[in-house]
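Here is how the chains run, residue by residue.
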Amino acid sequence: MPALHDFATWEPLLTLLRAVHPDRTRPVVGSISRTGWSLPLSRQRPVGEAMAPVQRALVEAGSHEALFVADVSPGGQAVLHVFGTSPAVEYGLRNPSPGTLVLVEDAVPEPWRRLPDPMPGAVPAPSADPALLERTLRERLPDAVGATEEEIAATEERLGVALPEELKALYRATRVRPAGPDGSGDWEADFAELRAAESAVGCELSSLEDLFALDADRRPCPWQFAATEAVVTPPDSAVQGLVGSPGWIVFGSNGGDMFAVDLTPGPRGHLGQVILIDHEQSIGAEPYGESLTELILNGFESSGPTRRRERRSPAIARVGDHHDLADLESAAHPDLEVVRIFHHSGAPLSLAPIVGLPRVRTFTALPGTLADPLEITGLPGLEFLSLGPDEWRVLLDNGAVPRGLSAADVEARGNEHPVAVVSVVNDLLALWDRPPIPHTIVEGNLAPSDLPDS
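Here the structure is a predicted model, which means the values were calculated and not measured.

**Description of the overall build of the chain**
Part 1 of the argument: Of regular secondary structure, the chain possesses 11 helices and 17 strands.
Part 2 of the argument: Against the globule reference of 22 Å for 454 residues, the chain gives a C-alpha radius of gyration of 28 Å, more extended than a compact globule.
Part 3 of the argument: Once the C-alpha set of the chain is aligned to its principal axes, its extents read approximately 85 × 60 × 35 Å.
Part 4 of the argument: Here the chain holds 454 residues, and 50% of them are scored as buried.
Part 5 of the argument: When contacts within the chain are restricted to residue pairs at least 6 apart in sequence, long-range pairs at least 24 apart make up 60% of them.
Part 6 of the argument: Surface accessibility of the chain: about 21,100 Å² in total, with carbon and sulfur atoms responsible for 51%.
Part 7 of the argument: Taking the 35 positively charged and 65 negatively charged side chains of the chain as two groups, their mean positions are separated by 2 Å.

**What to know about the nonpolar core**
Part 1 of the argument: If you look at the biggest cluster of nonpolar residues, it comprises 45 residues, and the most contacted ones within it are F363 and W392.
Part 2 of the argument: Elements supplying a minimum of two residues to this core: β3 (65-72), β12 (316-319), β13 (338-341), β14 (362-365), β15 (384-387), α10 (389-397), β16 (407-410) and α11 (418-431).
Part 3 of the argument: For this core, the leading source of residues is α11, giving six residues.
Part 4 of the argument: Of all hydrophobic cores here, the second largest spans 35 residues; its members include L163, L167, A173 and L205.

**As for the sheet that holds β12**
Within a sheet, adjacent strands bond to each other through the backbone by hydrogen bonds, running parallel or antiparallel.
Part 1 of the argument: Strand order across the open sheet formed by six strands is β5-β16-β15-β14-β13-β12, with mixed pairing between neighbours. One side of each edge strand has no neighbouring strand; the edge strands of this open sheet are β5 (101-102) and β12.
Part 2 of the argument: Bridge count for β12 against β13 is four bridges, and the pairing is parallel. Across the sheet, V319 pairs through a bridge with I341, a residue of β13.
Part 3 of the argument: Across the sheet, α10 touches β15 and β16, and the angle it forms with β15 is around 120 degrees.
Part 4 of the argument: Those strands touched by α11 are β5 and β16, and its axis lies near 165 degrees from that of β16.

**Regarding the sheet that holds strand β17 (residues 439-445)**
Part 1 of the argument: Spatial ordering of the open sheet is given by β2-β1-β3-β4-β17, a layout of five strands whose pairing is antiparallel. Whereas interior strands pair on both sides, the edge strands pair on one side only; in this sheet they are β2 (37-38) and β17.
Part 2 of the argument: Pairing between strand β4 (residues 77-83) and β17: seven bridges, direction antiparallel. Counterpart to F83 in the pairing with β17 is H439.
Part 3 of the argument: Contacts from α11 reach β1 (28-33), β3, β4 and β17 within the one sheet, and its direction differs from that of β4 by about 30 degrees.

**Details of the packing of helix α4 (residues 130-140) against helix α6 (residues 165-173)**
Part 1 of the argument: As a packed pair, α4 and α6 sit with axes 8 Å apart at the nearest point and diverge in direction by 20 degrees. Judged by the inter-axis angle, α4 sits roughly parallel to α6. Note that α4 runs across α6; the crossing there is right-handed. Counted together, P130, L133, E134, L137 and R138 of α4 and E165, E166, A169, L170, R172 and A173 of α6 form the full contact between these two elements.
Part 2 of the argument: Classifying every residue of the contact of α4 with α6 gives six nonpolar, no polar and five charged.

**Quick look at the pattern of salt bridges**
Part 1 of the argument: If you walk through the whole model with that rule in mind, you get 16 salt bridges.
Part 2 of the argument: Residue R359 is joined to D335 by a salt bridge in which the shortest nitrogen-to-oxygen separation is 3.4 Å. Residue R359 is located in the loop between β13 and β14, and its partner D335 is located in the loop between β12 and β13; the two are separated by 24 residues in the primary sequence.
Part 3 of the argument: One salt bridge in this structure joins R393 and D427, with 3.0 Å as the shortest N-O distance. Taken together, the residues span a long stretch of sequence, with R393 in helix α10 and D427 in helix α11 at a distance of 34 residues.
Part 4 of the argument: Relative accessible area serves as the criterion here: at 24%, R393 is assigned to the partly exposed category.
Part 5 of the argument: When its relative accessible area of 32% is taken as the criterion, D427 is described as partly exposed.

**Regarding α4**
Part 1 of the argument: Of the positions making up α4, those classed as buried are L133, E134, T136 and L137. One side of α4 carries all its buried residues, which in axial view fall inside an arc of 165 degrees.

**Observations regarding α11**
Part 1 of the argument: The end-to-end C-alpha distance of α11 is 20 Å, a good match for the 20 Å that 14 residues give at a rise of 1.5 Å each.
Part 2 of the argument: Listed as buried for α11 are P418, V421, V422, V424, V425, N426, L428 and L429.
Part 3 of the argument: Those residues of α11 hidden inside the fold are in contact with β1, β3, β4, β5, α10 and β16.
Part 4 of the argument: Looking one or two residues past α11, D433 carries a phi angle of roughly 55 degrees, positive in sign.

Analysis parameters
Residues numbered from 1 in each chain as written. Predicted model: local features only at pLDDT ≥ 70, side-chain atom pairs only at ≥ 80, totals over all residues. Heavy atoms only, no water. Helix = DSSP H or I, 4+ residues; strand = E, 2+ residues; numbered from the N terminus. Rg over C-alpha atoms; globule rule 2.2 N^0.38 Å. Buried < 20%, exposed > 50% of the residue type's maximum accessible area, 1.4 Å probe, protein only. Contact = heavy atoms within 4.5 Å. Areas by Shrake-Rupley, 256 points an atom, 1.4 Å probe, with all protein chains shown as cover. Lys, Arg positive; Asp, Glu negative; His and termini not counted. Charge placed at Lys NZ, Arg CZ, Asp CG, Glu CD. Core = buried A, V, L, I, M, F, W, Y, C linked by side-chain atoms within 4.5 Å. Pairing = 2+ DSSP bridges. Axes fitted to C-alpha atoms, helices over the stretch in contact; angles between N-to-C directions. Parallel < 35°, antiparallel > 145°, perpendicular 65-115°, else oblique. Left-handed = near helix turned anticlockwise from the far one by under 90°. Nonpolar A, V, L, I, M, F, W, Y, C, P; charged D, E, K, R; others polar. Salt bridge = Lys/Arg side-chain N within 4 Å of Asp/Glu carboxyl O. Arc of directions from axis to C-beta. Expected span 1.5 Å × (residues − 1).

Spelled out as structure tokens, the structure:
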């Protein structure tokens, strides 16, 4: 038997837990990784000692973490449930719920699949002047060595797009090489050249070889959050509300956020405009300057992102106390994509107002908020669904789990027994023939004479 499933491995920890919580009537739930733990214990030296055998067993088993549930009777009889990890569960284990279940391997939420809309009428801003830009940079950097036409053409071939004339002009004036062995080999000279170029341009500048397109793959986000986003581009927007685009060519940063030239602008944008991609946001970008020429001549610090006006999108409905909407009637809209039901003080909600809406792809509801979970079958386009264990059990028992799902969450409140929650999870994974969460029961006895004083 693997040491991880040996009662002796867990006995020191169970003994300590029983001593600290001698009158506890509910199971003790915790998680342990190779480097830490989440337990109802203070971080004192005995905790580390009691934890060490389990952590060694994790290493020996090739596992990174384990979730456990321990029921210990007053007489010392212990029943231990040990749960492993499944490659179908995103970001491992959470307490009291597992992570998101990825039912279709490699699937990503709809916003991460969205490509930019064509804007055939988009043109550069009137301030865009590649010749002026190149002359200005050559004056500021008289000793710089620019990129050759062959190097620029190779970059375009690598990226699969034609670079805007302003960006070509920038790199004709200063090629920019990374400092150290990837540059000329003269670290000090490369660093000085890089700093001079950044001073002349006004931001931290990438080398020509390091230009990249910020597509959606470069902006990963957990399913449970990504599925609740929506790509929305109002008709007066300069930037499309995308996760990423093959036309967002990143050329620099301010030390945290990225600057890109935008070859796929929004309805009111300019071809080649400069946008800022906020490192704290998972979707969208902000207009920063209408052209590279304008920014470099006037200084990056003189500009700034044009923050989008906050407005409630009909694509996303947040229903509940202290949220946007009080009921689902107010949420019903042909463009509705995401419905989230939070705690609300009224009676459980009927889904009748939104049944049949074709674009609803994400539905989340906290446990106990739905009048009839079977109404979910009236949402034919779901790809992500998050419900409480009881609601999921209703769907499972009635053969009503939507089979178009790509991912799902089981939202436990904390008072459900983890064994019941994992049972629901594994039943869902089985419908898609995905690897289950391993569940092993280990039993043993903590003799009263072995218990330390509390």
